[in-house]
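Letter by letter, the chains look like this.
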Amino acid sequence: MTRLTTGGSAINLEPGETVLQALERAGLDPPSSCRAGQCQTCLHRAIEGTLPPASQEGLTPGQKATGYFLACVCVPTSDLVIMRPGDVGREIDAEVRAIEKLAPDIVRLRLEADGFDYRPGQFLELIARDDLRRHYSLASHPDEDDFLELHIRLHDNGRMSRLLRNEIIAGARLRIAGPSGACIYEGVDPDQPMALIGAGTGLAPLYGVLREALGCGHRGPIRLYHGARNTSGLYLGDALQSLAGRQAHFDYKPVVLDPSAPLGGDVSALALATVTGFAETAFFLCGGENLVNRLRREIFLRGASLNQIRADVFLPGR
Ligand code: FES
C-alpha cells in the first residue's frame, strides 16, 4: 500500500487514487480546478519519494527538479511526503555570521546553518520570532560559499526591518525554513541565450543563478538587467561590471528609475527593447508582482513559451 504524508497527516492511498483525491478524502480541502493536469491549481511539492513522470508534464525544468507536481494527475507508485507550494518545510537553527549595509536601505545578511540544501535562486523563510517570518531569496552558492547570503531591503516601519537595523548582530540566533522556489538554472542549454531581469533585491536570486550558470560553463550570451530606484540601489554594480569585463559573454545592464539620471529608464522596457530571439532565450524574472507578471506576459506575447520563463515574485513583507 502506498502512503502519502503531508503536514501531520498520513493517508493510505486506494488503488488508482490520485493525490488530489486522497487529500480530499482526508478532508484537507486541497485547491483544484480543471482536475486534468492543465491549470496547475493543484500544484504540490514532494520532498521525499519518486514522482510518476505524468504528474510533472507541462512543468518547468526547475519545477521538476525541485519536486513540484500536479496532484490531480499523480497516482503515486511509491510513498510520498508532500507539501503545498506555499509551505516552507522543516525549521532549523541559523546563526548570523555577518550583517552589513550594501546600500542605505539594503543589508546583506550572512547566516551559518548546518544541513540546509538549496539551489542558487531558491528562497528561504527567515524566522526572527514565531509571529515574524519573511521570505528572502538566496544570493549565495552552495558549492562556493560556506554561508547563506540574503539581500534584504529595509522598510521604514517594518518589524523585520527594525530588528535588522537595531537588534540583529553577528552571533544572533535565528531560525530558517525551506528552501522553496523553482527559479533555478535547470534545463537551460549551455549555448542558449539567458536574460536575467529583476528589480531591487530581486537581484539576489539572479546573482545566484548567474554564478551557477558561469560555474556550469554556460557558453551562450547572458544579460543581467537590474533596475533600482536610484544609483545606490545598484548595490552589486561594481562587482557585476568587473565580471562583465572578465566574461565576454556576460553583459550587465543597470537602470535607475530617475529618467534624468545617466542610467535612467525602466528595466522592463529596456529588457523588452534589447532582448533578441525571444523564442530561444531562457528568462529569469525576479521582483515585485507587477513587474514579474507584466514581463511574463510581454515575453510570452513576443514568442517565448511559458516553460522558458522562470519567475520569482516578491510579495510585500516588512
Ligand atoms: S486541478 Fe488543474 S492541473 Fe490539477
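Residues numbered from 1 in each chain as written. Predicted model: local features only at pLDDT ≥ 70, side-chain atom pairs only at ≥ 80, totals over all residues.

## Some words on the overall build of the protein chain
Phase 1: A tally of helices and strands in the protein chain yields seven helices and 16 strands.
Phase 2: Judged by the C-alpha coordinates and their principal axes, the protein chain covers about 65 × 50 × 35 Å.
Phase 3: Within the span of the protein chain, comprising 318 residues, buried residues form 40% of the whole. (Helix = DSSP H or I, 4+ residues; strand = E, 2+ residues; numbered from the N terminus. Buried ≥ 20, exposed ≤ 12 C-beta atoms within 10 Å, placed from the backbone.)

## A word on the sheet that holds strand β15 (residues 282-288)
Phase 1: Strands sit in the order β14-β13-β12-β15-β16 across an open sheet of five strands; the sheet is parallel. Taken across any chain shown, the strands that pair with only one partner, and hence form the sheet edges, are β14 (250-256) and β16 (309-314). When strand polarity is set aside, the average angle formed by the axes of neighbouring strands in this sheet is 10°.
Phase 2: Sheet topology note: the strand β13 (residues 222-228)/β14 ladder contains seven bridges and is parallel. Pairing of H226 across the sheet is with P254, part of β14.
Phase 3: Running at roughly 150° to β14, helix α5 (residues 237-246) makes contact with β13 and β14 of the sheet. (Pairing = 2+ DSSP bridges. Axes fitted to C-alpha atoms, helices over the stretch in contact; angles between N-to-C directions. Contact = placed C-beta atoms within 7 Å.)

## Things to note about the environment of Q247
Phase 1: Considering the arrangement of structural elements, one finds Q247 in the loop between α5 and β14.
Phase 2: Counting along the chain gives 185 residues from Q247 to G62, while the straight-line C-alpha distance between them is 25 Å.

## Examining the domain arrangement of the protein chain
Phase 1: For the protein chain, the assigned domains are domain 1 (3-83), domain 2 (91-180) and domain 3 (194-314).
Phase 2: A separation of 30 Å is found between the C-alpha centroids of domain 1 and domain 2. (Domains from an automatic or database assignment.)

## Side note on the pairing of strand β3 (residues 43-48)
Phase 1: As defined by bridge partners, β3 adjoins strand β4 (residues 68-70) across three bridges and the pair is classed as antiparallel. When the sheet's bridge partners are listed, H44 is paired in β4 with F69.
Phase 2: The pairing of β3 with strand β5 (residues 80-83) spans three bridges and is antiparallel. Across the sheet, R45 pairs through a bridge with M83, a residue of β5.

## Considerations on the nonpolar core
As a rule of thumb, soluble globular proteins bury nonpolar side chains together.
Phase 1: A71, L150, L196, I197, L206, F283 and L285 are the most contacted members of the largest nonpolar core, which has 80 residues in total.
Phase 2: For this core, the leading source of residues is helix α4 (residues 203-215), giving seven residues.
Phase 3: Each residue touching L285, except ones within four places of it in the same chain, is listed here: I197, G198, V292, L295, R296, I309 and A311. (Core = buried A, V, L, I, M, F, W, Y, C linked by C-beta atoms within 7 Å.)

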